[in-house]
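One-letter residues, chain by chain:
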Amino acid sequence: MASKKNLVIVESPAKAKTLKKFLGSNYKIEATMGNVRDLPKSELGIDIENDFEPKYITIRGKGETLAKLRREIKSANKIYLATDPDREGEAISWHLLYALKLTEKTDRVHRITFNEITKTAVKRSIKEARDIDMDLVNAQQARRALDRIVGYQISPLLWKKVKKGLSAGRVQSVALKLICDRAEEIDNFIPDEYWSIEADLKTPSNKKLKVKLTKKDGKNIEIKNKEEADEILKLLSENDFIIKDVKNGTRVKNPAPPFTTSTMQQEASKILGFSTQKTMSIAQQLYEGISIKGEGTVGLVSYIRTDSVRVADEAYFETRDFIQSEYGEKYICERREYKSRASAQDAHEAIRPTQVTRKPSLIKESLSTDQFKLYKMIWERFVSSQLPQAVYDTSSVKIDCGNCRLNAGGSRLSFDGYLLVYKKYEDKKQDEEIPECSPGDVLKLNELIPAQHFTQPPARYTEALLIKTLEEIGVGRPSTYVHTISTLTARNYVTKESKLFYPTELGEVVSEILKNNFSDIVNVDFTAKMEEQLDEVEEGKYEWKQILRDFYPHFKELLDEAMENQSDVTVKEEETDIICDNCGRNMVIKFGKYGKFLACPGFPECRNTKPYYEDSGVKCPKCGGKVYIKKSKKGRKFCGCEHNPECDFISWNKPTGKLCPVCGSPLVEKGSKTKKIACSSTECGYTEEVKEES
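Residues numbered from 1 in each chain as written. Predicted model: local features only at pLDDT ≥ 70, side-chain atom pairs only at ≥ 80, totals over all residues. Heavy atoms only, no water.

Enquirer: What is the right way to read the overall build of the chain from this model?
Expert: Of regular secondary structure, the chain possesses 18 helices and 31 strands. Judged by the C-alpha coordinates and their principal axes, the chain covers about 105 × 85 × 45 Å. Expressed as a percentage of the 694 residues in the chain, the buried residues total 49%. Within the chain, contacts between residues separated by at least 24 positions form 66% of all contacts whose residues are at least 6 apart in sequence. Summed over all atoms, the accessible surface of the chain reaches about 35000 Å², with 47% contributed by carbon and sulfur. For the chain, the centre of its 113 positive side-chain charges and the centre of its 106 negative side-chain charges are spaced 5 Å apart. (Helix = DSSP H or I, 4+ residues; strand = E, 2+ residues; numbered from the N terminus. Buried < 20%, exposed > 50% of the residue type's maximum accessible area, 1.4 Å probe, protein only. Contact = heavy atoms within 4.5 Å. Areas by Shrake-Rupley, 256 points an atom, 1.4 Å probe, with all protein chains shown as cover. Lys, Arg positive; Asp, Glu negative; His and termini not counted. Charge placed at Lys NZ, Arg CZ, Asp CG, Glu CD.)

Enquirer: When you look at the sheet that holds strand β30 (residues 676-679) in this model, what are you seeing that I'm missing?
Expert: Two strands in a sheet stick together by hydrogen bonds in their backbones, pointing the same way (parallel) or opposite ways (antiparallel). Ordered by their spatial adjacency, four strands build an open sheet running β28-β29-β30-β31, and the pairing between neighbours is antiparallel. Looking along the sheet, the strands with just one partner apiece sit at the ends: β28 (655-659) and β31 (687-689). Neighbour-to-neighbour, the strand axes of this sheet turn through a mean angle of 30 degrees, independent of strand direction. The pairing of β28 with strand β29 (residues 666-670) spans two bridges and is antiparallel. Paired with Pro655 across the strands is Val668, a residue of β29. (Pairing = 2+ DSSP bridges. Axes fitted to C-alpha atoms, helices over the stretch in contact; angles between N-to-C directions.)

Enquirer: Just to check I follow, could you spell out the pattern of salt bridges for this structure?
Expert: Side chains that differ in charge, positive against negative, can pair when their charged atoms come close. Using the criterion set out here, one finds 42 salt bridges in the structure. As a salt-bridge pair, Glu11 and Lys15 come within 3.1 Å of each other at their nearest N and O atoms. For the residue pair Glu11 and Lys15, the accessibility class agrees, reading buried in each case. Counted as one network, the salt bridges with shared partners bring together Arg87, Arg477, Asp535 and Glu538. (Salt bridge = Lys/Arg side-chain N within 4 Å of Asp/Glu carboxyl O.)

Enquirer: What's the story with the sheet that holds strand β25 (residues 626-631) in this structure? I'm lost.
Expert: The four strands are arranged β24-β25-β26-β27 in an open sheet whose pairing can be described as antiparallel. Looking at the sheet topology across the chains shown, the edges are occupied by β24 (614-619) and β27 (650-651). Summarising the sheet, strand β26 (residues 637-641) and β27 pair through two bridges and their orientation is antiparallel. Bridged to Gly640 within β27 is Ile650.

Enquirer: Quick question: what am I supposed to make of the packing of helix α9 (residues 276-288) against helix α15 (residues 481-490) here?
Expert: When two helices pack together, their arrangement is captured by the angle between the axes and the distance separating the axes. One way to put it is that α9 packs onto α15 with a least axis distance of 9 Å and a crossing angle of 140 degrees. Taken together, the axes of α9 and α15 are oblique relative to one another. You can see that α9 and α15 cross each other, and the crossing is left-handed. Every residue of α15 that contacts α9 at Thr276, Gln277 and Met280 is listed here: Val482, Ile485 and Ser486. Here the residues of the contact of α9 with α15 sort into three nonpolar, three polar and no charged. (Parallel < 35°, antiparallel > 145°, perpendicular 65-115°, else oblique. Left-handed = near helix turned anticlockwise from the far one by under 90°. Nonpolar A, V, L, I, M, F, W, Y, C, P; charged D, E, K, R; others polar.)

Enquirer: Help me out: how do you make sense of the packing of helix α6 (residues 170-188) against helix α17 (residues 524-538) in this one?
Expert: Following both chains from N to C, one finds α6 and α17 inclined at 145 degrees, their axes separated by 10 Å at the closest point. In this structure, the crossing between α6 and α17 has a hand that is left-handed. Residues Arg170, Val171 and Val174 of α6 lie in contact with α17, whose contacting residues are Val524, Thr527, Met530, Glu531 and Leu534. Here the residues of the contact of α6 with α17 sort into five nonpolar, one polar and two charged.

Enquirer: Is there a simple way to think about the environment of Ile351 in this case?
Expert: With respect to the secondary-structure elements, Ile351 resides in the loop between α10 (313-327) and α11 (360-363). With relative accessibility at 0%, the residue Ile351 sits in the buried group. Between the C-alpha atom of Ile351 and that of Glu53, which follows or precedes it by 298 residues, the distance is 36 Å.

Enquirer: Please clarify how the environment of Thr480 should be interpreted in this entry.
Expert: Of note, Thr480 is situated in the loop between α14 (463-472) and α15. Accessibility expressed as a relative area gives 14% for Thr480, which makes it buried. Put simply, Thr480 and Val171 are 309 residues apart on the chain and 8.3 Å apart in space, counted from C-alpha to C-alpha.

Enquirer: What is the right way to look at the nonpolar core in this model?
Expert: As a rule of thumb, soluble globular proteins bury nonpolar side chains together. One finds Ile149, Ile154, Tyr493, Phe518 and Phe555 to be the most contacted residues of the largest nonpolar core, which totals 74 residues. Among the elements that line this core, the one with the most residues is helix α5 (residues 134-161), at 10 residues. In contact with Phe555, not counting residues within four places along its chain, are Ile149, Val150, Gln153, Ile154, Phe518 and Ile521. Grouped together as the second largest cluster of nonpolar side chains are 61 residues, Ala16, Tyr375, Met377 and Ala390 included. (Core = buried A, V, L, I, M, F, W, Y, C linked by side-chain atoms within 4.5 Å.)

Enquirer: Whenever I open this one, the packing of aromatic side chains confuses me. Can you help?
Expert: Centre distance and the angle of the planes are the two values used to describe a pair of aromatic rings. In the structure shown here, the tally under the stated rule is 16 aromatic pairs. A ring pair is formed by Phe518 and Phe555, whose centres lie 6.1 Å apart and whose planes are at 35 degrees; its orientation type is tilted. You can see Phe518 sitting in the loop between α16 (505-517) and α17 and its partner Phe555 sitting in helix α18 (residues 544-565), a full 37 residues away along the chain. Grouping residues by exposure puts Phe518 and Phe555 together as buried. Through successive ring pairs, a cluster of aromatic residues spans Phe52, Phe518, Phe526, Phe551, Tyr552 and Phe555. Looking at Arg37, its charged tip hangs above the ring of Trp94, at a distance of 5.7 Å from the centre. (Phe/Tyr/Trp six-rings, centres within 6.5 Å; stacked < 30°, edge-to-face > 60°. Lys NZ or Arg CZ within 6 Å of the ring centre and 35° of its normal.)

Enquirer: Mind showing me how you'd approach the side chain of His95 here?
Expert: The residue His95 is located in helix α3 (residues 87-99) in this model. In contact with His95, other than residues within four places in its own chain, are Asn35, Val36, Arg37 and Tyr56.

Enquirer: Help me out: how do you make sense of the pairing of β26 in this one?
Expert: In the case of a regular strand, side chains alternate between the two sheet surfaces. With four of five residues buried, β26 lies mostly within the body of the structure. Of the pairings in the sheet, the one linking β25 to β26 comprises five bridges and is antiparallel in character. Bridge pairing in β26 links Lys630 to Phe638.

Enquirer: Would you explain α3 in this entry?
Expert: Since the α-helix turns once every 3.6 residues, residues separated by three or four places project in the same direction. With 13 residues, α3 extends 18 Å between its outermost C-alpha atoms, agreeing within 8% with the 18 Å of an ideal straight helix rising 1.5 Å per residue. Taken across its 13 residues, α3 has 11 buried, putting it largely inside the fold. By the burial criterion, the buried members of α3 are Arg87, Gly89, Glu90, Ala91, Ile92, Ser93, Trp94, His95, Leu96, Leu97 and Ala99. Where α3 ends, the next residue or the one after it, Lys101, has phi of about 55 degrees, a positive value. (Expected span 1.5 Å × (residues − 1).)

Set out below in structure tokens:
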């Protein structure tokens, strides 16, 4: 009779394929294809009257998978639950216990976790097999229940007050508020004029030196307009430029820590142009295993959902040996240990290659283009994190001219250190070297270079900046960011143009309702505190249902008040004087996925629709035609002439119909609360106050 095999259960076939290579013929590997139990989609699934007890059901389509697993269990010696090593993975293993009727305490069923899918890590995990960690499971249950309650109970309010198909979420709503608040801040921004002055000088050795004006009368200088700039230019042209001080020194630049989930997402967005979703999808492939020529299927990187920058001893010593053999003794330094964020969960290491000797160039032909790019970036970031500082020779010069002080600084890389590996990802702008000069030298003036500037509004959020901000304020966790961003775009709350997020009209409406009725729920501090409590559940310091007991009563009050007091913001079918081309009826204004549009009221008999253009009430500054408020394909409002494309007038701000008295460009309205008139040209800073109507 053949001996019984051990059964290992994982989530994905790719992971199963990699494990088969390490575990041999005594083990059978099966995949669940994700979770097998969850809350029902058709109802809340949280019994609020029964102390928030969840009502789990088997996920539709998982019956066949579970039946197969039950058959395998009958003939198995031991059963190892090998789902991912985080809250979600622990919960999937716990759900498997119930779905497979394995809840009875037995020596047959074990939980194993590994931070990387390598032979050593997998074999070690079997030796260190344990029971399900209920603190991890309960942290996941608490998060799932909170998100379900917020989503399923606020969403009907949005359906009633705005339109069907909308949703709200605990983290999602905070992210939407950030994007909407930033858009409003940009809309209200009025630029301030300022000037800078540089001097192009020549040293006694006939070398060029460019210096910048920094002080006047010993105080930092602020030049607010052309008149002030002209006054200083006159002063500088009438006095000698004398070197006051020359200093030479060194500065060092430290490498960045190895990647966490969010820093990997940020860097992949910034450098590779990957969306968050794409980054995580490719990283998952690298973690679960890739077929490498000459090696078979291997996991190339450690677990990809982590907010720790810790590196295991074994990985460090392997990397140190590699650095010595690959780059030489001068690139060996003391061990670099990086400090994780205070809120970080330290259960996992930073993201790193599973084998540092597996250089990207050696396995390039086995990877897709995108897999290679991401693996290369992870590998180079990790190796560089254990290399020495980069060292620069620096020089600075202080120059006096009358009562003004001008400065120049320069640097030269003298030892590349970690830049040997990571230089291509760093800022390419380098300081110019300072030519040789001495205190007392009088420099010849070639040219004075005044420049007018205007302060810039804060930057709109990119995926990278949004993730960085959410992480800094403690909202959400590495595993939640992809879902948060994809939901905002799927619901058409935000649109993305040139990597920048813009709120749609629908997003602004939803955010305003949430802000007005659920200010606590979308409050950054409140959401961050909730994350801390979820972490405390994971650490066994807080009972998971107590979070819900504390949260729900106040939330229910807000919900009831909103249902009663929030006015209906659904756009009614307002009749227009535009005639339907097909049937002659007056078309009506409707509110759809992308905002307002014109539709025939004879639907479904007549299905004619047209774009809706709102009259701005002003004339085109170029041709005198009507200016309509239109929408781009991605839902952004803009103003355009009725005679487009013959007239090319377009503006993101509403025009006044007048031209700038300074440069002749169209004047536009800026600000949603404190309105001002400003020039539409970014090169002109003309503004004027809006006159109050008497």
